[in-house]
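Here are the chains, one letter per residue:
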Amino acid sequence: MKIRSVLSMFRSALKETLKDYKYNCHHLKIRRECGSEKDFATLRMYCHMLDKAMNNPSFEKGHSMRVYESSKTLCFNLMSKYQGDPAFRWALEIVERFKEAQEKGVPKLVDVNARVYSLDERSFISDFINSRISCRNFKSNQIEENALKEIVSLAVDAPNGCCRQTVRFHITQDAEIIHKIMPHVAGMTNFTNVPCVVFVCAESSFYDLIDKKLQYVDASLAAENFILASRLYGIYGTMCNFFHASEKDVADCKSLLHIKSSENVVMVIAMGYPQKLPEKPVRRDVESFYEIV
Ligand SMILES: Cc1cc2nc3c(=O)[nH]c(=O)nc-3n(C[C@H](O)[C@H](O)[C@H](O)COP(=O)(O)O)c2cc1C
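These figures come from a predicted structure and were not determined experimentally.

**Details of the overall build of the protein chain**
Then, number 1: Helices and strands together make up the secondary structure of the protein chain, namely nine helices and four strands.
Then, number 2: Listing the helices and strands of the protein chain from first to last along the sequence gives α-α-α-α-α-α-β-α-β-α-β-α-β.
Then, number 3: Each of the three principal axes of the protein chain carries a C-alpha extent, and together these read 65 × 55 × 50 Å.
Then, number 4: Looking at the protein chain residue by residue over its 293 residues, the buried ones come to 25%.

Following this line, the structure appears as structure tokens:
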């Protein structure tokens with residue numbers, strides 16, 4: 001290998017290492033500074049552990065008591081601020097059920113219906129999933145706020161690491177803001193008339209440094225639900241890469257959309273009612289995507 005290419009590799013590796021180091025310091029600082037929101041996320045995580053333990057057919061009395069005690073303390077400390085939140089009420093219910101399970105030795109479980117789909121329903125739902133296409137040119141119609149709320153409520157139903165619920169959607173239909181944002185998003189080329197832009201972010205302070213990358217998984221899963229849910233309303237969207245953005249690009253967009261410094265932008269979605277749908281790029285043979293071992 002030529003000395004010049006070794007030096008270039010070394011420079012690139014060093015640049016990324018320094019970036020990671022800077023990010024890690026920022027992450028730890030933010031996590032230290034974050035108050036009750038982080039504690040509430042921890043409570044959801046603990047209650048998810050207790051819930052899992054109770055749903056385990058070989059439930060063992062006396063296990064997870066430290067998590068239970070910490071959950072009780074968190075419930076007490078957070079009650080006044082979050083008692084109106086459905087996720088907090090769920091946490092209270094789980095803590096109470098766990099206490100009963102310790103007393104009786106058997107957890108009280110609710111029967112959940114496992115719906116089975118007919119062939120027709122399966123075909124209908126498969127068509128719906130396949131109907132998602134990345135569209136890049138839109139009509140100028142605005143999307144109603146109620147529709148956006150419904151879409152977000154389906155989006156956040158996605159699985160998420162330990163129930164921390166860290167995804168945040170920053171949505172704008174303000175033409176002036178969109179005009180200012182578009183040049184900062186390198187992937188937004190060949191788009192016409194974008195009426196709605198969504199910044200999909202992750203609240204990073206809810207993760208320890210060791211699982212910081214989970215935030216990208218969580219936000220991506222929610223983003224896919226978001227795009228699929230939009231299809232229910234005749235709305236199409238395209239996910240756009242934001243990882244090439246410079247520090248200035250990120251700062252400018254965050255400032256335009258009032259995004260907190262503890263939130264990381266995971267991707268950007270351009271969406272709206274389609275002017276003309278493109279054909280869907282053809283996937284490889286399904287066999288190339290999986291292996292049964
Ligand atoms: C993480 C991610 C980043 C993407 N970034 C861009 C982008 O920057 N610009 C763009 O036009 N499309 C982007 N796309 C859309 C892909 O090009 C598109 O999903 C792919 O070509 C398959 O087409 P389909 O979505 O219509 O099935 C992105 C998709 C994903 C999942």
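**Concerning the sheet that holds strand 1 (residues 167-172)**
Then, number 1: Read from one edge of the open sheet, four strands run 1-2-4-3, paired in antiparallel fashion. Each edge of the sheet is formed by a strand with only one pairing partner; in this case those strands are strand 1 and strand 3 (236-240). Pairwise comparison of adjacent strand axes, ignoring direction, gives a mean angle of 25° for this sheet.
Then, number 2: As defined by bridge partners, strand 3 adjoins strand 4 (residues 263-272) across five bridges and the pair is classed as antiparallel. Considered in strand 4, the bridge of cysteine 240 is made with valine 268.

**Here's the deal with the site of the ligand**
Then, number 1: The local shell around the ligand consists of Ile133, Ser134, Arg136, Gly187, Thr238, Met239, Cys240, Asn241, Met267, Lys280 and Pro281.
Then, number 2: Here the shell around the ligand gets three residues from one element, more than from any other, and that element is strand 3.

**Some points on the domain arrangement of the protein chain**
Then, number 1: Looking at the assigned domains, one finds that the protein chain contains domain 1 (34-104) and domain 2 (133-272).
Then, number 2: The C-alpha-based centres of domain 1 and domain 2 are spaced at 31 Å.
Then, number 3: Between domain 1 and domain 2, the contact holds seven residues from the first and seven residues from the second.
Then, number 4: In terms of residue count, helix 2 (residues 36-55) provides more of the side of domain 1 that touches domain 2 than any other element does, five residues in total.

**Some details on helix 3 (residues 65-82)**
Then, number 1: Between the first and last C-alpha of helix 3 there are 24 Å, a value that for 18 residues agrees with the 26 Å anticipated at 1.5 Å per step.
Then, number 2: For helix 3, the principal kink sits at phenylalanine 76 and spans about 35°.
Then, number 3: When we look at burial in helix 3, the residues that qualify are Tyr68, Ser71, Leu74, Cys75, Leu78 and Tyr82.
Then, number 4: Of the surrounding elements, those touching the buried residues of helix 3 are helix 2 and helix 4 (86-104).

**Considerations on the nonpolar core**
Then, number 1: Core analysis: the largest hydrophobic core is formed by 35 residues, its most contacted members being Val200, Val268 and Ile269.
Then, number 2: Going through the elements one at a time, helix 6 (145-155), strand 2 (196-203), helix 8 (214-231), strand 3 and strand 4 are the ones with two or more residues in this core.
Then, number 3: Here this core gets seven residues from one element, more than from any other, and that element is strand 2.
Then, number 4: With near-sequence residues (within four places) excluded, valine 200 lies in contact with Val167, Phe169, Ala219, Ala223, Val266, Met267 and Ile269.
Then, number 5: The next biggest cluster of nonpolar side chains, apart from the first, holds 17 residues, and it includes Cys47, Tyr82, Phe206 and Tyr207.

Definitions and cut-offs
- Residues numbered from 1 in each chain as written.
- Predicted model: local features only at pLDDT ≥ 70, side-chain atom pairs only at ≥ 80, totals over all residues.
- Helix = DSSP H or I, 4+ residues; strand = E, 2+ residues; numbered from the N terminus.
- Buried ≥ 20, exposed ≤ 12 C-beta atoms within 10 Å, placed from the backbone.
- Pairing = 2+ DSSP bridges.
- Axes fitted to C-alpha atoms, helices over the stretch in contact; angles between N-to-C directions.
- Near = placed C-beta within 6 Å.
- Domains from an automatic or database assignment.
- Contact = placed C-beta atoms within 7 Å.
- Expected span 1.5 Å × (residues − 1).
- Bend = angle between axes of the 7 residues up to and from the residue.
- Core = buried A, V, L, I, M, F, W, Y, C linked by C-beta atoms within 7 Å.

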